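The residues making up each chain are set out below.
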Amino acid sequence: MNPQHNMPRLINWLGYFAIGLLLILPLSVLTIRTGQWQLGLPLYAIACFGSTLLLILAIVLLLRSRFTPWRKDILLRALFALPGAVLLLALTSGGNHPMIHDISTDTADPPTFTVALQERGAESNTLEINQDVMRQQEEAYPDLKTLVSPLSTDEAYNRALQVATNLGWDIYHQDSNTGVIEAVDTTSIMGFKDDIVIRVRSSAQGTLLDLRSVSRVGEGDLGANAKRIRAFRDAFQQQE
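Predicted model only: the values in this text are computed from it and were never measured.

A. Spatial organisation of unusual backbone geometry. A positive phi angle, near 55°, is found at L222, a position not held by glycine. You can see L222 is positioned in the loop between β6 (206–215) and α8 (224–238). On the basis of relative accessible area, L222 is assigned to the exposed category, the value being 52%.

B. Main features of empty space enclosed by the protein. Scanning all chains against the criterion turns up one cavity of 30 Å³ or more. Put simply, the largest cavity is a space of about 60 Å³. If you go around the largest cavity, the residues you meet are T105, D143, L144, K145, T146, L147, L209, L211, I229, F232 and R233. Contributions of two or more residues to the lining of the largest cavity are made by β6 and α8. It is α8 that provides the largest number of residues to the lining of the largest cavity, a total of three residues. A class-by-class count of the residues in the lining of the largest cavity yields six nonpolar, two polar and three charged.

C. Here's a closer look at the nonpolar core. Judged by nonpolar contacts, the single largest core of 27 residues is most densely connected at W169, I198, F232 and F236. Residue assignment for this core shows that the elements contributing at least two residues are α6 (131–140), α7 (153–166), β4 (180–186), β5 (193–203), β6 and α8. It is α7 that contributes the most residues to this core, six residues altogether. Residues in contact with F236, not counting those within four places in the same chain, are L147, S149, L151, A156, R159, A160, V163 and L209.

Reading guide: rules and limits
Residues numbered from 1 in each chain as written. Predicted model: local features only at pLDDT ≥ 70, side-chain atom pairs only at ≥ 80, totals over all residues. Heavy atoms only, no water. Helix = DSSP H or I, 4+ residues; strand = E, 2+ residues; numbered from the N terminus. Buried < 20%, exposed > 50% of the residue type's maximum accessible area, 1.4 Å probe, protein only. 1 Å grid on protein atoms, 1.4 Å probe; cavity = no way out; pocket = protein on both sides within 12 Å on 5 of 7 lines; lining within 4 Å. Points joined across faces, edges and corners; volume = space filled by probe spheres on them. Nonpolar A, V, L, I, M, F, W, Y, C, P; charged D, E, K, R; others polar. Core = buried A, V, L, I, M, F, W, Y, C linked by side-chain atoms within 4.5 Å. Contact = heavy atoms within 4.5 Å.

Written out as structure tokens, the structure reads:
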């Protein structure tokens, strides 16, 4: 049998797999958003890694002269694998982040949550402070420090409340007497929820603001919690 006769079949199967993986992407996102992240995350990983492998296979086929007559067909089918490969690239190109999900501006005395314990489900990550995690954070994000403000504690508290609101955080606890604000931030695509606590207190140096951001699910956060704290810090300082 002439191997050339099998080429169209191989190319068609390349397209079938690419389309299947493309359909798995939105399915995995919907699964995660419904709270079934234990199933959704593996599906998402399969779609991204599988699409990348198919794209590599397509490139290999394009480079081989025996597939020259079918280059256009290969390119058209490879397009279906492109979204998953791009998503994988975006996930892996954001830097070398440690596998931690609990980030604080004060690693020696991190702010503690109170109401968040009632907001988080039973399967959520623990809110207990892990000193090993704090040490990893210090090495990975040395720029995250306590924010010192010349504002009074009341002014700093009100500004922190306003900044958190402007950032789109859903505030579920605020106590000006203790200087504590608790909120949750939901990621736009996956719908992951991360809890944030803001602590405002006075000192001889001025008013001190500390934040702590903790992911509800997952082992690593790809730097999301540190990015969130930086966004708050920058927005707060811009108003001074």
